[in-house]
Each structure stands twice: as C-alpha cells, then as structure tokens.
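Fold and contact review
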Protein chains: 2
Amino acid sequence: MQVVLNYLKRNQARFVAELCDYLRFPSVSAQPQHKKDLHACAGWLVDHCRKIGLEARLCPTAGHPIVVAKTPRSNGPRKPRFMVYGHYDVQPPEPLDLWKSPPFAPRIVGRSIYARGSTDNKGQNFAHLKAVEAYFKTGTPLPCDLTFVIEGEEEVGSANLAKFLKTRRAELQCDAVVVSDTGMPSPKHPALTYSLRGIIAFEITVFGPSRDLHSGGFGGAVENPAMALARLLAQLRDASGRVTIPGFYNDIPPLSAYERKQFARLPIKDRDLQKLLGVKKLFGERGFTPTEQRSARPTFEINGLTSGYQGQGSKTIVPAWARAKITCRLVPNQRPSEIRKLVCRHIEKICPPTVRLKIEAGHGAEAYLMSPTSASARAALRALEAAFGCPPVVMREGGSIPIVNDFKKILGADSLLLGLGLPDDNAHSPNEKFNLDCFAKGQAMSAHLWQELSRPRV
Amino acid sequence: MQVVLNYLKRNQARFVAELCDYLRFPSVSAQPQHKKDLHACAGWLVDHCRKIGLEARLCPTAGHPIVVAKTPRSNGPRKPRFMVYGHYDVQPPEPLDLWKSPPFAPRIVGRSIYARGSTDNKGQNFAHLKAVEAYFKTGTPLPCDLTFVIEGEEEVGSANLAKFLKTRRAELQCDAVVVSDTGMPSPKHPALTYSLRGIIAFEITVFGPSRDLHSGGFGGAVENPAMALARLLAQLRDASGRVTIPGFYNDIPPLSAYERKQFARLPIKDRDLQKLLGVKKLFGERGFTPTEQRSARPTFEINGLTSGYQGQGSKTIVPAWARAKITCRLVPNQRPSEIRKLVCRHIEKICPPTVRLKIEAGHGAEAYLMSPTSASARAALRALEAAFGCPPVVMREGGSIPIVNDFKKILGADSLLLGLGLPDDNAHSPNEKFNLDCFAKGQAMSAHLWQELSRPRV
C-alpha cells in the first residue's frame, strides 16, 4: 500500500494539471448548445481512462453518452466487485457576471481550484481514477474488480441511466457502489453520508389575458397572473417554512435518538452557517436544528420566477402569464409520485377560476437511506480515518442523487457516499471550487477503500 | 357655421391625402435614430400650419422641438382663449412582422387609415387643424383665440413640456385646454373623458443569501427570497383585487350616483370585455362594475417578476434575490407621494427579518378629475352631439396623461379630453388605425366646439 500512497503524493502536480484539462470542457447538460462539449468531455475521459490502464468505452444513450471503464478481469478466483459512480456533466454557470474568473478557465488560489464542475463532480470522480492509476502504475494488485460509470446527465435527472443499468445488469452487478458526490463538514471531519433527500421538480404557469394588456386601460377588471401566482405560492408554505399542503408530512418517521446524536456531533455552528450563507438570520421549520432542517426534513423551494417585463425602467402592463420553477426535497418514506399528486391536487384546488393553470412535471427521485452501522459502512469509515488522519462522522445530506435508488433496486447494491466537497465549495453557485487537500486525501481514501471493502467480513 | 361645415365636407379627400403625408414621417421619439425624422415632421407641421393661416414656429427643447401655432391676434376686445394640445411623435412600430402593411406607408381600407400614429395622435390633432383651416378659408370669424401646442415627446414622458409651460406661462394662459388623445366607446358614443387615473411605479427586491445556493445542501435552513417575495405580494391584495395596504383607500370619495349612472350608459358588455381580453372570467374589486374597476378604482399591479433560474429545465437553487416591478394606478384625491409612503412603510413592516428588502421608486403622476357638469364640459358635450348626431357619454379613463395636471397647475386650466379613438384602433400595437368618420366628425366637433366654448356662460 505504501508504494501506492507514495505514487499519489509524488504525482499531485500532474494530477492537478490533468484535472484542469477535464474542467475546461463546458459540459453543461441542461443547455442544448453544449451537446458537442459533453461529447468532447466524455471522449477525453475515455482516452484518459485508457491511458491509466482501464478498459474504457463510450456508451451512447438517448441523451449524453456514459463512460464505462473497467479494471482488466483476471482469470483467478472471483474477487469482490465494486462500482464507482460519478458524472462529467455540470450545472449551468449562470449568472456569469458573479464569477471572479471564467467558469471554464480553472484558476488555482492557495489550496483551491476554481471552476464550474470542480467539486461537483469532476474533481471527486477524478480522485478515484487517480487511485486506480497508482495501483496500476506501481504494479500493486487490486484486491477487487472495479467498474467506473461516469455519466453525462446527473444534473438533468439521469434520465437514461436506469435503462442503461437494466440493460447491463449482469455486467454491472457489484457488492457496493462508491459515490463521491456529497460533502464533509470540514477538512477535519471526513464523512460517510448514509441518507440523501429525494426530489420532485415541476413548473407552475398561470395564464391570464391572451396578451400583455395596458394596465391603465384594463388593470382592475382582470386578474394579474403574476399576483395570482404569488398568492398561490404563498399558500403552500407557512412563515417558518413548513409546507402546508395536506398530507405532505404523513409518511415521515420521526428522527431516532441515535441520529439526532450524530447530527449534534457535526461541527457546524448556526453562526458559521449564517455567515457562510450571507443571510441576516437563519430560518426553518420549528423543532429541528438547521442541520436537521437541511438534511432530514422536506422542503418546498422556488428555484425561479418569470413574468412580464424584466428590462430597465417600467412597462405598464398586466402580463399575460407568470411562471415558477419549483423543487421539493423529499425525505425517506415520502414517495415522489404520491407527493407530486398531493401537491398538484392542492394547487389545482386553490387556483382561482380567473386564470388558467398549467403544471408541468419535471424530474423526480426518491430519498435514500442505508444503515450507517453496516459492515461496508464500517469499512468505509476505516478508509476515511486512514486517509484523513481523524475520526470520521456519519451524516445525512440534503441533496439528491436519484440514481442511488436505482443502484439498490436494479443492482441490489448499497451506495457508500464518501463525499469530498466542503460546505464553502459553492456547488451549483458562482465561483465553485474544490479543495486540493480533499482531492489528494480523496485519492488516498480511495486507495485504502478497496483494501478495506475487500477484507473478508467478520 | 354651415359654410364652415360645408367646407370641411367638400375637402375630405384632400384632408386624407394631407394626413397621409403627416403619417409618412417615422417620428418615433423613443428611438435616437429617428431624431432627424422628428425634426422633419415638426418642420412639415409648422409649414402646414402657416399654409392654413396660423402663426407657427418651432420651439427647441432639450429633446425634440415643440410646434406652437396661433390664430392671429386681432385688436378688438379680448376673446376667450383656448389651447389645443397634441403630439406628433409616435410609439415604436415594433414588432414589424405583425404589421399587415409598413407602419409608415399609410393604407386605406374601407373607412380606416392604417399607419403608426394614425389614431395616436396625428389623426386626432390634424382634425383640429382642419377645423381652423375651414374657419380661415371661408372667412368665418373665430369667436376665440387658439394656440396649438403639438409636442414631440409625449410617448417618452413629456420630459420637457412642463418647463416649456412654465417659461411661457403668460403667453399660454387660456380658459381651457382641449386634448383629443383618449377614446370613445363606439362610433355612436362620442365621449368626454373627465377623469384619468394617476400612477406610481416602483421595484421591490428581496435579497436572501449572498449567492444562489444549492437547494439540496441548504434548502430548509434558509429563507427563499422568491417565496418571501411571493408571501409579501400576496399580503398586499385580497382575493378580489382590493388592496390591503392600510390607508390606501382613505382619501377616495365614493362614486356619486350621477357618475355610476354615466358608467352604466357605456355600451361595453362584460361578455365582450372578457372576449376582448381573452380571459376565462373577469375579476375585480367587489361592489364595482368592470368599467368602474378599470377607470375609477385604484390598483396594485405586478408588471414583472424576476428571480433565480429562468432557462430551460430545472436548476435546483435557492435564489439569492427576487424582484417585482409594480405600478399602482391611482384615482383622484390619492396623492402619489403619500400613497408611495404608505405602500413602502407597509411592505417594510411585513417583510420578514430573514431577508433584506430594497424598494426603488420609479415615476409617478397624479390622477386627473374635472367636473363633468361644468359649463365647459356642457359646451363640449353640445359640440360632440352636434357633430356626431347622437347623445355623447361622459366617462373616466383608466390610463394616465400626466401632462394634464401640469396644464391645471401651471396654466390653471382644465383639460377637455375629447378623444376620437375607437377601442379597436390598436394604439401602441401593430396595425394601428384611425377611423375616417371619426376624423371627419372630429373636425366638425372642433368647429362647433369653439362656438360652444365661447358663448357667454349662463
């Protein structure tokens, strides 16, 4: 093992330069004009995997292609088999004027590398590739077989991945999936995430008059769809953030004493969180700590609002329509299809008859939960401790990685969520960054992990 | 008088040809590239006034010039003196692809002339000029002195007109101002508009976190500014459109029985209005008819909403800020500065402490009201009836013409709003038109008006 760790240490500078190449692709999956960039990025990744010594290929899908890369299979006795999942697509970089340097021109400041996709998720999946490279280039035998599955549609809902898993179920069968796409509370608190929130996305459009109307000539005798939308939205949440849609909380079990104790171990203070977010005051559902609110409780969140005139100055109109983009985060036991129905039914019920309502469903995913005390969880915690040199924490995370439920359902495998992101990494925000120590320690964690996971269980 | 009316009748064909010349100037005041066209149009108008027999000149301003044209002053006893106000500038014609013929190539179909500026306002001010021509060319003595003030910046806020009025207060002093820049409900309902709504414009911005946040990582523990804005807005109006800001209605006198009777005489049916607007159902403050709601009652109208992600698909963020563009239409006795204060104070009061609020003031204007039963109003109604051959209506209009308050304040004169536009004239829209019967009857109305207004009052 030491030779692997030494190789990693010796090659950090090159690894960072390679990561910069990876980050230069504007692989924004949500924006059709970047289709070619996604293909180019996937092609680069396949080449890189082959250079390392993996057997890599590009698998086309109805959307963006999936990169599959495997360790060469030996003829000996069957080894444990693990899958590493990641994604090469990134969030849209907008608003561009808030970036201190261009989002696809990586910039290194101190121990941080700034670029869209640096922490989410290119830097994290690249750390695992570098660990495998270290095994291969030092001639160290891997105690397991590995398959990397790095997709290009995670940020738009992984629409084609489930079909891919089903089609190749036999080939992809494994003992566990390893995913580094979550976070850790601080560089001194490496973490295993054992639960994720689910999600439903949808758009609400409220239509009023057949065209924008002169607000002088007609205002007062016609419903303003922007106001109708505001009134609709305002009825869906109370002042503390608790969702007021009947039945929304019905299936949620209470948090156990064990879990609340683990939450309390996490190092983040309310004051620090408030400072980090730049808000005047924290906010959230009564009876829960901020950590619980943002990882173990569901939400109703407006992601965007659009209506009428948005340019400079004023335009005196009653707009023809108004739209809200919404996502609800869900927690274990809330079924997305069921919650979607509850939400739609309630909105339809309270929508006034003076406007026409259209609700368009977007992506959806169940929440995820695995036991934080299982054998594989304990193996992962040992790898974290060895690499980071301090005791790890177990935690829930508020984000969603919809595909982990498919790994469980289709491949029968738990997902070990061993995230390398820090709270101030600005994932999905301008000036996204990735910490280069997390990058290096993540590689070491990955190197240890295959040893720990492959030990005969006791 | 009959000789004047005969002259008008005999010369309609030529008048229409001259109006076409006037309409060919693309005098778009909002677009800097048309500066020369505005000058050319104003120059043509001065020449035309001189040809008629008026003493005309071009008065430069910081913006586009004002045309001033006067009847030659006689040495006899002081006659009543009136001002005719109009504007030779027009709205931008865009979107051009929706025009059935080029906006500055007048086209006559049946009894309509299609061109940008035809109804708003060239056709209407030209009708008044033709009436004066008829007096002069038939040697009929005018019972009053007239001053035409035809400006080039009405469509961009008349920024230089108030200063012009103040500088020439003595010269422009008059007994009433006549403005044909409003509408009539139908060709059989000539109208005197005796009231206009005022306006205040402002923008509300609600700031949350210092940047867009990942809604998975942080959602639940931080207020969503788009939701805070929706909840704020929803508290400012009730379900029927009544503004809930304390004091908003304090200074509004009730509608008199006389006024409500006049409203009820207007020919527009709820069903027709609903069809015209393309809405499922009309809407508005209880206790008032749609006509009253859109002309005699104040409003709180969202003109635009902006927050977070507005592109295709979904972006799972808690946006950093959310903004609403607002205009309130005001009615007589509501003071814009006072209402602005009430609105701001209330919004500041109900804004939650979890977000930061910014309210930016935009333009404002008082409502206008003159007595519909005054001597000059009655004189105007007699002129309308004589010209159109049917009983006129008195009405309020919901739009704002800020300059009429300056006429009152600076010159001390009421404005008689005698509009010749029809509801389907498409003012400010593609395929603007002007009805040639309204043009001809408008000339006759103007000819009668000077007789009626100049009669010794009884």
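Values in this document were obtained by computation on a predicted structure and should not be read as measured data. (Residues numbered from 1 in each chain as written. Chains lettered and ligands numbered in written order. Predicted model: local features only at pLDDT ≥ 70, side-chain atom pairs only at ≥ 80, totals over all residues.)

Looking at the overall build of chain A
- Looking only at helices and strands, chain A features 14 helices and 18 strands.
- For chain A, the C-alpha radius of gyration of 23 Å lies close to 23 Å, the compact-globule estimate for 458 residues.
- The buried share of chain A, taken over its 458 residues, is 55%.
- Long-range pairs, those at least 24 residues apart, make up 80% of the contacts in chain A with a sequence separation of at least 6. (Helix = DSSP H or I, 4+ residues; strand = E, 2+ residues; numbered from the N terminus. Rg over C-alpha atoms; globule rule 2.2 N^0.38 Å. Buried ≥ 20, exposed ≤ 12 C-beta atoms within 10 Å, placed from the backbone. Contact = placed C-beta atoms within 7 Å.)

Things to note about the interface of chain B and chain A
- Taken together, the contact between chain B and chain A spans 75 residues of the former and 80 residues of the latter.
- Of all elements in the fold, only β10 (213-214), α7 (225-234), α9 (270-277), α10 (290-293), β11 (301-308), β12 (317-318), β13 (321-330) and β14 (356-365) of chain B reach the threshold of two or more residues within the side of chain B that touches chain A.
- Counting residues per element, the side of chain B that touches chain A draws most heavily on β11(B), at 8 residues.
- Its residues placed into classes, the side of chain B that touches chain A shows 27 nonpolar, 33 polar and 15 charged.
- Pairing between strand β11 (residues 301-308) of chain A and β11(B): 5 bridges, direction antiparallel. Following the sheet pairing, A:Gly308 is matched in β11(B) by B:Gly304. (Nonpolar A, V, L, I, M, F, W, Y, C, P; charged D, E, K, R; others polar. Pairing = 2+ DSSP bridges.)

Details of the packing of helix α2 (residues 12-23) of chain B against helix α4 (residues 118-137) of chain B
All names here are of chain B.
- Interhelical geometry of α2 versus α4 gives an angle of 135° and a closest axis separation of 11 Å. What the angle tells us is that α2 and α4 run oblique. Two packed elements cross with a definite hand, and for α2 against α4 that hand is right-handed. Along its contact with α2, which presents Phe-15, Leu-19, Tyr-22 and Leu-23, the element α4 presents Ser-118, Lys-122, Gly-123, Phe-126 and Lys-130.
- Residue classes in the contact of α2 with α4 are distributed as 5 nonpolar, 2 polar and 2 charged. (Axes fitted to C-alpha atoms, helices over the stretch in contact; angles between N-to-C directions. Parallel < 35°, antiparallel > 145°, perpendicular 65-115°, else oblique. Left-handed = near helix turned anticlockwise from the far one by under 90°.)

Digging into helix α2 (residues 12-23) of chain A
Residues and elements named next belong to chain A.
- If you check α2, its first and last C-alpha atoms are 16 Å apart, about what 12 residues at 1.5 Å a residue would give, namely 16 Å.
- Restricting attention to buried positions, one finds in α2 the residues Phe-15, Leu-19, Tyr-22 and Leu-23. End-on, the buried residues of α2 take up no more than an arc of 90°, which puts them together on one face. Among the exposed residues of α2, those pointing more than 90 degrees away from its buried face are Ala-13, Arg-14, Ala-17 and Asp-21. (Expected span 1.5 Å × (residues − 1). Arc of directions from axis to C-beta.)

Observations concerning helix α12 (residues 375-388) of chain B
All names here are of chain B.
- Between its terminal C-alpha atoms α12 stretches 20 Å, which fits the 20 Å expected from 14 residues at 1.5 Å a residue.
- When α12 is considered as a whole, its buried residues turn out to be Ser-376, Ala-379, Ala-380, Leu-381, Ala-383, Leu-384, Ala-387 and Phe-388.
- In this structure, the buried side of α12 is in contact with β7 (176-179), β8 (191-196), β17 (415-417) and α14 (436-454).

A short note on the sheet that holds strand β4 (residues 107-109) of chain B
Residue and element names in this part refer to chain B.
- Reading across the sheet, the 3 strands line up as β4-β5-β18 and stay open at both edges, with antiparallel pairing between neighbours. Both outer strands of the open sheet, β4 and β18 (433-435), are each paired with one neighbouring strand and no more. The mean inter-strand angle of the sheet, taken between neighbouring strand axes irrespective of direction, is 25°.
- Here 3 bridges tie strand β5 (residues 112-114) to β18, and the two strands are oriented antiparallel to one another. Counted as the bridge partner of Ile-113 is Phe-434 from β18.
- Here α14 sits on the sheet in contact with β5 and β18, set at roughly 55° to β18.

With respect to unusual backbone geometry
- That bond from A:Glu94 to A:Pro95 is cis: its omega, 0°, falls within 30 degrees of zero.
- The omega torsion across B:Asp120 and B:Asn121 is 15°, close enough to zero to call that bond cis.
- Inspection of the secondary structure assignment puts B:Asn121 in helix α4.
- Unusually for a residue other than glycine, A:His428 sits at a positive phi of about 70°.
- Structurally, A:His428 is set in the loop between β17 (415-417) and β18 (433-435).
- Accessibility expressed as a C-beta count within 10 Å gives 27 for A:His428, which makes it buried.
- Residues other than glycine seldom take positive phi values, yet B:Asn333 does so here, at roughly 90°.
- With respect to the helices, strands and loops of the structure, B:Asn333 is situated in the loop between β13 and α11 (336-350).

Re the nonpolar core
- A:Phe148, A:Leu192, A:Leu229, B:Leu192, B:Leu229 and B:Leu233 are the most contacted members of the largest nonpolar core, which totals 241 residues.
- Among the elements that make up this core, the one with the highest residue count is helix α14 (residues 436-454) of chain A (9 residues).
- Among residues more than four places away in sequence, those in contact with A:Phe148 are A:Cys49, A:Leu54, A:Val68, A:Ala69, A:Val84 and A:Leu129.
- If you look at the next biggest cluster of nonpolar residues, it comprises 10 residues, including A:Leu277, B:Ala221, B:Val222 and B:Ile317. (Core = buried A, V, L, I, M, F, W, Y, C linked by C-beta atoms within 7 Å.)

Some details on the relation of the copies chain B and chain A
- Superposing chain B onto chain A takes a rotation of 179° combined with a translation of 2.6 Å along the rotation axis, leaving an RMSD of 2.6 Å.
- Of the interface residues in chain B, 93% have counterparts in chain A that sit at the interface too, so the contact is made through matching surfaces. (Least-squares fit on C-alpha atoms with pLDDT ≥ 70 in both.)

Concerning the pairing of β11(A)
Residue and element names in this part refer to chain A.
- Taking burial as the measure, the 8 residues of β11 include 8 buried ones, the bulk of the element.
- Judged from the 6 bridges that link them, β11 and strand β13 (residues 321-330) form a sheet pairing that is antiparallel. The partner of Leu-305 across the bridge, within β13, is Ala-324.

Some remarks on the domain arrangement of chain A
Residue and element names in this part refer to chain A.
- Partitioning chain A into domains gives domain 1 (2-196 + 367-454), domain 2 (198-250 + 298-365) and domain 3 (253-294).
- Taken over C-alpha atoms, the centre of domain 1 sits 27 Å from the centre of domain 3.
- Tallying the contact residues gives 9 residues for domain 1 and 7 residues for domain 3.
- Of the residues that constitute the side of domain 1 that touches domain 3, the class distribution is 5 nonpolar, 3 polar and 1 charged. (Domains from an automatic or database assignment.)

So, the sheet that holds strand β14 (residues 356-365) of chain A
- Spatial strand order, β14(A)-β9(A)-β13(A)-β11(A)-β11(B)-β13(B)-β9(B)-β14(B): 8 strands in an open sheet with antiparallel pairing. Each edge of the open sheet carries a strand with a single partner, namely β14 of chain A together with β14 of chain B. Strand-to-strand, the axes of this sheet are offset by a mean angle of 15°, without reference to chain direction.
- Its contacts with the sheet put helix α7 (residues 225-234) of chain A on β9 (198-207), β11 and β13 of chain A together with β11 of chain B, and the angle it makes with β13(A) is roughly 20°.

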